[in-house]
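Spelled out from the first residue to the last, the chains are:
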Amino acid sequence: MRDVAKRFDVRFKFDANVDTAGVTLMYADFRIRPYSLEQTLDNICKHFDWNWWKQSGNLYKIKRYEYPRRHEDEGRQMLDYLSSLYNNKVEWEARRDSLRREVRQRLELDAFLDSCVLVKNKKGQMERPVILSKIRKHDGYTTQNICIELTPGQHLFGTIYTPSSRSSRRHALIICPDGHWPMRYRKDEQQRLGTLARMGAVCVDFDLYGWGESEKEVGAEAHHTSRAHVYQAACGYILLDWMLTHRQDIDTKRVGVMGGSGGGTHTVLLSLLDDRVRASAPVVHLASHFDGGCPCESGKPVQLSAGGTCEPELAAVMAPKPMLIVSDGGDWTSSVPTLEFPYLQRVYGFYGAKDQVRNVHLPNERHDFGKNKRNAVYDFFIDVFGLDRTMLDENKIEIEPDEQLKSLYK
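Residues numbered from 1 in each chain as written. Predicted model: local features only at pLDDT ≥ 70, side-chain atom pairs only at ≥ 80, totals over all residues. Heavy atoms only, no water.

Peer 1: Outline the packing of aromatic side chains, supporting the account with residue identities and numerical values.
Peer 2: All told, the structure shown has 13 aromatic pairs when counted by the stated rule. Ring geometry for W52 against Y60: centres 6.0 Å apart, planes inclined by 50°, an arrangement best described as tilted. Side by side, W52 and Y60 carry an identical accessibility label, which is buried. Ring geometry for F112 and Y231: centres 5.4 Å apart, planes at 75°, overall edge-to-face. (Phe/Tyr/Trp six-rings, centres within 6.5 Å; stacked < 30°, edge-to-face > 60°. Buried < 20%, exposed > 50% of the residue type's maximum accessible area, 1.4 Å probe, protein only.)

Peer 1: Run through the environment of M199, naming residues and quoting values.
Peer 2: Mapped onto the secondary structure, M199 falls in the loop between α6 (187-198) and β11 (201-206). Classification of M199 as buried rests on a relative accessible area of 3%. Along the primary structure M199 and S165 are separated by 34 residues, whereas in three dimensions their C-alpha atoms are 9.3 Å apart. Sequence-distant contacts of M199, defined by excluding residues within four places in its chain, comprise Y378, I382, L387, D388, R389, M391 and L392. (Helix = DSSP H or I, 4+ residues; strand = E, 2+ residues; numbered from the N terminus. Contact = heavy atoms within 4.5 Å.)

Peer 1: Got a sec to walk through the pattern of salt bridges? Specific residues and values, please.
Peer 2: For the structure shown, the criterion picks out 31 salt bridges. When the shortest N-O distance is used, the salt bridge between E189 and R186 registers 2.9 Å. A single burial state applies to E189 and to R186, both of which are buried. Shared partners join several salt bridges into a network, and the residues in it are D178, R186, D188, E189 and R192. (Salt bridge = Lys/Arg side-chain N within 4 Å of Asp/Glu carboxyl O.)

Peer 1: Residues and numbers for helix α12 (residues 340-349), please.
Peer 2: Regarding α12, the residues found buried are E340, F341, Y343, L344, V347 and Y348. With its buried residues spanning 160° around the axis, α12 presents them on a single face. Buried residues in α12 make contact with α3 (72-83), α4 (89-107), α11 (311-316), β14 (323-328) and β15 (357-362). (Arc of directions from axis to C-beta.)

Peer 1: Give a description of the pairing of strand β3 (residues 59-64) that names residues and reports values.
Peer 2: The buried count for β3 comes to 5 of 6 residues, which makes it a mostly enclosed element. Where strand β1 (residues 11-14) meets β3, 4 bridges bridge the pair, whose relative direction is parallel. Paired with R11 across the two strands is L59, which belongs to β3. Sheet topology places strand β2 (residues 50-54) next to β3; 5 bridges connect them, and they run antiparallel. Bridge pairing in β3 links W50 to R64. Hairpin remark: β2 followed by β3, antiparallel, with 4 residues in the connecting loop; positive phi at G57, about 60°. (Pairing = 2+ DSSP bridges.)

The following block contains the structure:
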């Protein structure tokens with residue numbers, strides 16, 4: 001590797017789990033391709049089940065093989081292959097139906113739902129045990145914590161943001177899976193959900209499995225398991241179902257889902273699993289060459305569904321309903337404008353609805369849910385759900401302390 005670094009004028013950084021001590025490689029010199037560093041690295045790394053990743057400048061990182069992470073060229077090849085499977089609406093919908101069925105099976109969602117707790121209510125009907133906090137009033141919106149026992153001793157912890165304006169018109173509903181940023185209690189998440197509520201949408205977020213209050217029940221390590229994948233998918237699914245069943249102020253024709261990073265993974269997943277979702281906005285997530293690096297996103301083998309798939313194809317199941325893809329130049333979504341977005345436009349084109357899928361690309365930004373990304377989401381839901389732009393003012397949002405947003409473990 002020192003010879004390769006010298007020949008191509010690059011530097012290598014080895015991940016902590018890549019042990020090169022005493023490692024030898026037969027015919028090493030013959031594996032070098034003088035015209036291609038990448039092919040050279042392929043020839044060396046694949047022998048040891050390693051992979052290479054270009055960092056900044058001339059630095060390359062050598063890591064162990066990861067099944068959810070691939071190179072952009074592999075994503076392009078995958079989308080080319082998938083595109084060859086369908087050339088019209090009929091062929092696509094046959095594929096779509098297989099994806100829906102197999103993703104649900106591989107996720108083992110129904111088995112999980114069957115294991116969930118149900119209790120008898122006062123009318124003798126079976127329902128999920130729910131704890132709702134007192135409603136807290138703010139400028140133009142309210143907040144209320146919701147806690148649902150899913151499996152014995154394990155709960156869904158979330159907060160409902162509701163418009164406080166009195167109107168005869170029912171509200172849009174937006175389910176908001178969280179990503180791997182510091183908890184759902186952080187400032188930018190409260191700003192985003194509170195602002196959408198002020199504009200006329202009921203928004204609900206929830207803790208990741210093993211994060212926030214959930215960590216008190218299962219421990220932090222539980223998040224890095226395949227159970228986290230199905231648990232978080234079930235949280236979005238159950239919250240959506242509970243809100244539509246128990247809230248009389250929801251417009252069932254204006255149901256959306258929106259989340260960033262790992263929350264984008266579960267935005268795509270909920271949009272696929274529940275046909276009641278009418279608009280979807282995965283933020284800094286979508287890529288054909290990355291399925292999400294955490295087991296809570298890729299712990300269950302949903303990418304093997306229908307003979308093999310990837311995130312853009314799973315997102316395309318939304319077609320022809322409105323979808324916003326927010327991407328940036330500082331993470332794996334940098335390829336969206338030239339790779340994933342054209343693929344999605346092709347599928348939407350089967351319905352004559354190319355204009356229903358949108359991409360806001362921020363080439364000079366990195367992986368976050370910053371102001372420009374939030375503004376893109378606001379514009380999208382203002383357009384598709386008819387929200388009130390005059391109420392768009394993040395300065396009106398009261399940032400509540402963490403403890404205020406907790407239900408059981410304060």
